[in-house]
Amino acid sequence: MEKITAEKAKEIRRTDVGPPHYGQFLPPVIKKNYGRWKEHEILSPGVMVHTAESGDKIWSVRVATPRLIATDTVREVCDISDKYCGGYVRWTSRNNIEFLVSDEKNLEPIQKELKEKGYMIGGIGPRISNMVHTQGWVHCHGAATDASGLVKAVMDELADYFTTKELPNKLRLALACCVNMCGAVHCSDIAIVAVHTKVPPIDHAKLGKICEIPTVIASCPTKAISPDPATKSVKLKEERCMYCGNCFTVCPAIDIKDPYRDGIAIVVGGKVNSLRSNPKFSKLVIPYMSNEPPRWPKVVAAVKHIVDVYAKNARKHERVGEWADRIGWEKFFKLTGIEFTFQAIDDFTFMRDTLRTASTFKW
Amino acid sequence: MKKYDTPLLDELEKGPFPSFVKEIKKAAAKNEMANDELGQLEYSFKTNRGYWKHGGIVGVLGYGGGVIGRYSDLPDMFPEVKFFHTVRINQPSGWFYTTKALRELMDLCDTYGSGITNMHGSTGDLVFLGARTEDLEPLFAELTSRGWDLGGSGSALRTPSCCVGPARCEWANYDTLEACYQITQEFQDELHRPAFNYKYKIKFAGCAVDCVASIARADCSVIGTWKGPILIDQDAVRWHEKKGMDINREVVDMCPTQCISYDGKELKINNDECNRCMHCITRLHKALKPSGERGATICIGSKAPIVVGSLLSWVIVPFMKMEPPYTEFKELTRKMWDWWDENSHPRERIGEVIEMKGMRSFLEAIGVPPFPQQIKEPRKDPFFFFTEGDIERFKKREEEEKKTGKFIF
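Worth saying up front: this structure is predicted, and the values here are computed from it rather than measured.

Participant: Sorry, what's going on with the overall build of chain A here?
Facilitator: The helix and strand tally for chain A stands at 13 helices and 13 strands. Counting only C-alpha atoms, chain A reaches 75 × 70 × 35 Å along its principal axes. The 363 residues of chain A split such that 58% are buried. Of the contacts made within chain A by residues no fewer than 6 positions apart, 64% connect residues no fewer than 24 positions apart. Total accessible area on chain A is roughly 15,400 Å²; 53% of this is exposed by carbon and sulfur atoms.

Participant: Mind showing me how you'd approach the sheet that holds strand S2 (residues 47-52) of chain A here?
Facilitator: Whenever strands of a sheet pair, they do so through backbone hydrogen bonds, lying parallel or antiparallel. Spatial ordering of the open sheet is given by S1(A)-S2(A)-S3(A)-S6(A)-S5(A)-S3(B), a layout of six strands whose pairing is antiparallel. Edge positions in the open sheet fall to strand S1 (37-44) of chain A together with strand S3 (96-98) of chain B, since each of these has one partner strand only. Adjacent strand axes in the sheet meet at a mean angle of 25 degrees, parallel and antiparallel pairs treated alike. Pairing analysis gives six bridges linking S1 of chain A to S2 of chain A, with the strands arranged antiparallel. Bridge pairing links Glu-41 of chain A to Val-49 of chain A in S2 of chain A.

Participant: I tried to follow the pairing of S2 of chain A on my own but got confused; where do I start?
Facilitator: Two faces belong to every sheet, and in a regular strand the side chains alternate between them. Residue and element names in this part refer to chain A. Among the six residues that make up S2, six are buried, leaving the element largely enclosed by the rest of the structure. Between S1 and S2, which follow one another and run antiparallel, lie two residues. Relative to strand S3 (residues 57-64), S2 runs antiparallel, the two being bridged by five bridges. Pairing of His-50 across the sheet is with Ile-58, part of S3. What sits between the antiparallel neighbours S2 and S3 is a turn of four residues, in which Gly-55 has the positive phi angle 95 degrees.

Participant: Sorry if this is basic, but what is going on with the domain arrangement of chain B here?
Facilitator: Interface size is often expressed as the accessible area that is lost when the parts come together. Residue and element names in this part refer to chain B. You can read the domains of chain B as domain 1 (7-145), domain 2 (161-227 + 294-404) and domain 3 (231-289). Each partner contributes residues to the interface: domain 1 has 12 residues there, and domain 2 has 17 residues. Roughly 1,000 Å² of surface becomes buried between domain 1 and domain 2 when both sides are summed, with 54% attributable to carbon and sulfur atoms. Linking domain 1 to domain 2 there are zero salt bridges. Run the count over domain 1 and domain 2 and you get eight residue pairs in polar contact (both at pLDDT 80 or more). Of the residues in the side of domain 1 that touches domain 2, the class split is three nonpolar, nine polar and no charged.

Participant: Any chance you could explain the pattern of salt bridges here in plain terms?
Facilitator: Pairing of side chains with opposite charge becomes possible as their charged atoms draw close. The tally for this structure, following the rule as stated, stands at 49 salt bridges over all chains. A salt bridge links Lys-198 of chain A to Asp-258 of chain A; the shortest N-O distance between them is 3.3 Å. Of this pair, Lys-198 of chain A sits in the loop between strand S9 (190-195) and helix H7 (204-210) while Asp-258 of chain A sits in the loop between helix H9 (246-250) and strand S12 (263-268), and the two are 60 residues apart along the sequence. By relative accessible area, which is 13% here, Asp-258 of chain A ends up buried. One salt bridge in this structure joins Lys-280 of chain A and Asp-325 of chain A, with 3.1 Å as the shortest N-O distance. Note that Lys-280 of chain A is positioned in the loop between S12 and strand S13 (283-290) and Asp-325 of chain A in helix H11 (residues 320-327), a separation of 45 residues in sequence. Several salt bridges share partner residues, and in doing so they unite Asp-72 and Arg-75 of chain A together with Lys-30, Asp-107 and Asp-110 of chain B into one network.

Participant: In this structure, what is going on with the confidence of the model for chain B? I would like to understand it.
Facilitator: Caution is warranted with low-pLDDT regions, since their predicted coordinates should not be read in detail. In this model, chain B carries an average pLDDT of 97, and 100% of its residues clear a pLDDT of 70 or more. Model confidence for the complex: the whole-complex pTM is 0.97, and ipTM, which rates the interface, is 0.96.

Participant: Can you walk me through the pairing of S9 of chain A in this structure?
Facilitator: Residue and element names in this part refer to chain A. A large share of S9 lies buried, amounting to six of its six residues. Burial along S9 is two-sided: Ile-190, Ile-192 and Ala-194 facing one way and Ala-191, Val-193 and Val-195 facing the other are all buried. By the bridge criterion, four bridges tie strand S8 (residues 173-176) to S9 in an arrangement that is parallel. Its bridge partner being in S9, Ala-174 is matched across the sheet by Ala-191. Bridge count between S9 and S12: six bridges; the pairing is antiparallel. Counted as the bridge partner of Ala-194 is Ile-264 from S12.

Participant: I keep staring at the packing of aromatic side chains and nothing clicks. Help me out?
Facilitator: Given two aromatic rings, one states the distance between the centres and the angle between the planes to describe the pair. Scanning the model with the defined rule gives 32 aromatic pairs over all chains in all. Geometrically, the ring pair formed by Tyr-97 of chain B and Trp-148 of chain B is stacked, given 6.4 Å between the ring centres and 25 degrees between the ring planes. In this pair, Tyr-97 of chain B is assigned in strand S3 and Trp-148 of chain B in the loop between helix H5 (136-145) and strand S6 (161-162), connecting sequence segments 51 residues apart. Neither residue differs from the other here; Tyr-97 of chain B and Trp-148 of chain B are each classed as buried. Members of the aromatic cluster, joined through ring pairs, are Tyr-310, Trp-323, Trp-329, Phe-332, Phe-333 and Phe-340 of chain A. Over the ring of Tyr-198 of chain B we find Arg-349 of chain B; its NZ or CZ atom is 6.0 Å from the centre of that ring. Between the NZ or CZ atom of Arg-393 of chain B and the centre of the ring of Phe-394 of chain B, over which it lies, the distance is 5.3 Å.

What counts, and at which threshold
Numbering of residues begins from 1 in every chain and follows the order in which that chain's sequence is written. Written order determines the labels here, with chains lettered from A and ligands numbered from 1. Whole-chain, interface and lining totals are the exception, using all residues; otherwise, since this is a predicted model, local features are given only for residues with pLDDT of at least 70 and side-chain atom pairs are given and counted only at 80 or more. The side-chain quantities take in all heavy atoms of the structure and omit both hydrogens and water. Numbering goes from the N terminus for both helices and strands, where a helix is a DSSP run of H or I of at least four residues and a strand is a run of E of at least two. Accessible area is worked out with a 1.4 Å probe on protein chains only. A residue is then buried under 20% of its type maximum, exposed over 50%, and partly exposed in between. Should any heavy atoms of two residues lie within 4.5 Å, those residues are considered in contact. The Shrake-Rupley method, run with a 1.4 Å probe sphere, supplies the accessible areas, and residue values consider only the shown protein chains as cover. For two strands to count as paired, DSSP must find a minimum of two bridges between them. Every axis in this analysis is a line fitted to C-alpha atoms, fitted for helices over the stretch in contact. Angles between the N-to-C directions lie between 0 and 180 degrees. Where each domain starts and ends follows an automatic or database-derived domain assignment. A 1.4 Å probe defines the accessible area here, and the buried area is the portion of it lost by two parts on being joined, summed over both. Whenever Lys or Arg places a side-chain nitrogen within 4 Å of a carboxyl oxygen from Asp or Glu, that contact is recorded as a salt bridge. Counting of polar contacts relies on pairs of N or O atoms within 3.5 Å, with two restrictions inside protein: one atom must be capable of donating a hydrogen and the other of accepting it, and residues adjacent in sequence are counted only when both atoms are side-chain atoms. Ten residues, namely Ala, Val, Leu, Ile, Met, Phe, Trp, Tyr, Cys and Pro, are considered nonpolar, four, namely Asp, Glu, Lys and Arg, are considered charged, and the remaining ones, Gly among them, are considered polar. Values of pLDDT, ranging from 0 to 100, describe the predictor's confidence in every residue of the model. Paired rings are identified among Phe, Tyr and Trp, the last through its six-membered ring, by centres lying within 6.5 Å, and are further divided according to the angle between planes into stacked (under 30 degrees), edge-to-face (over 60) and tilted (the rest). Only Lys NZ and Arg CZ are tested; either one counts as a charge over a ring when it is within 6 Å of the ring centre and within 35 degrees of the ring normal.

In structure tokens:
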């Protein structure tokens, strides 16, 4: 494909057309049975079948992707979809691909070809599906760690829980490369959150020139920042700063990144669905581990350990947060052997909700 | 093309999970930008730090979003990523594609971008990772002339997204795909031309399983629900039991409202007590299904922790029909935006503004009365406001009580 000229671009450009209508991308069996599905069954960790009221069926074969994928990989996915799925394919909300098979006789061959080509089939049912994650060092200005690398390291360790092994319920992992959490990981069973841990140095000469001082002051949730007429910059009350990086987001002269101090926290027990119990936030259990690319061995071990303790102790259908709520968080720390730290006691907006107000706890 | 040694990234080509490093290398083999992305990423791994600058103002004529400016902090070392902007392309509802459409998009990504995509960004867009400033206009022309458009960015309506819905799920209580499509089309101006004080996300989930995590990360979470009883196929209940399910332990005992019973022969549900959590329906998926009137619960306010803590969306409208042309939803959305606009500072999400200004101010502005379904429990403190109108209303009612001799509480 050749690039078009500027004149040609002006001639053909349109605005506000919005996305194409999804109808043109639906396989015929879906179009025919749209809104009239009756039931489904999980046939294996990566295959489920949906049956319509008409009796028609569609099989979905799910494979993992690293989310960041090359155009040639998408073309390969297209080739496979052309061969077995009539040229239709979909992605899931957790970066998996679903091959939509309308003809049962294609079900075995497509799985065989996917395996031969190295695709990881799985992620359906009470297992670990793909991780939701952010950009990290691949493309983000504020990242406190890499995202894709850490996800790869964690999912390599837990691959069996994607492809075969069962857990008490599904377990949703997520990763945010800073507390901005553009992946909204704060309601995951286990989430890895990269944290800045140091009061940021300010380049005063630069700040006055490139940043709006009132915006910088307003950006601070703990009111740590005030104007400094002497330097035509701002002052930072160090004891108030909790390194959220919001000031850095509005002003690049404040440097929140620190290769030695940036690290990893683990939060646990969130969920988004309303099954049995209401949606929950994830809670802090490990406040800090060092950033250790390329494979972050300690972080990977910590996630694996929490998965193992959950798998051993939770009741069937309990999510991590439901299990922790039932046994009590004091018991969670006991069972996991994770050290309880000052950081795990909320001293910010959720303090009142989270402190204990009864003597009924476990030893 | 420069050849980078990548001993650290090479470690991430090992192992069973698909490797993003292999993907970058695949693109780098034929694209200079992808090659320098690889080089800079290895340097990040070596030095434990990212090297991207803050976003700058770039975009296409007439739009204020859809492209996020991205520049390398090390342009002398990695000149091909000096300009490496993100292009967000509004995905189709439910992320369904034909291979023909995908191939066209991939050709555009190779011609005008780095050959690296994100399928998909967290909000839902199909992302071309890395494009030069001068390529944005022609890329935009190519996309829009083929019926694609950019997604949202900045202080604007962000690209709405939805679950797979009625396309392939028996639990969808409304057509999430069509709602997502029509609402996206309705608000094209708000999506492309940032006029809000901060971002505004809408996500459409067909039921309380919430496969798009709308309750946690959408300013407006539209969650499908129903009003009728749960229909029971007793033969199918026994099918589940035969398959090994302990119905009392796995379903009856786990019902949060204790409205189910099973005596080994017949499963009974007291629908008056059911809160529609979906646990029993997802476990006994062949036996149980919702019936009656369908619609959605509209919840508002969720967001990630920046800056004073995360919020989950709050129930605002307990039940709304979600049917084309979605007039009620569109009107409500416009009223909410007006109130938010009038009451917020820059970078304040709508949930934060409701916290500051109070739920009453918000509900009155959008014309929604108070319902007990909006709260978990009533307030615990004795500090509540009265307007002159409130007192007048209470007094008036008491006058009437005196006339009729009947108390109204």
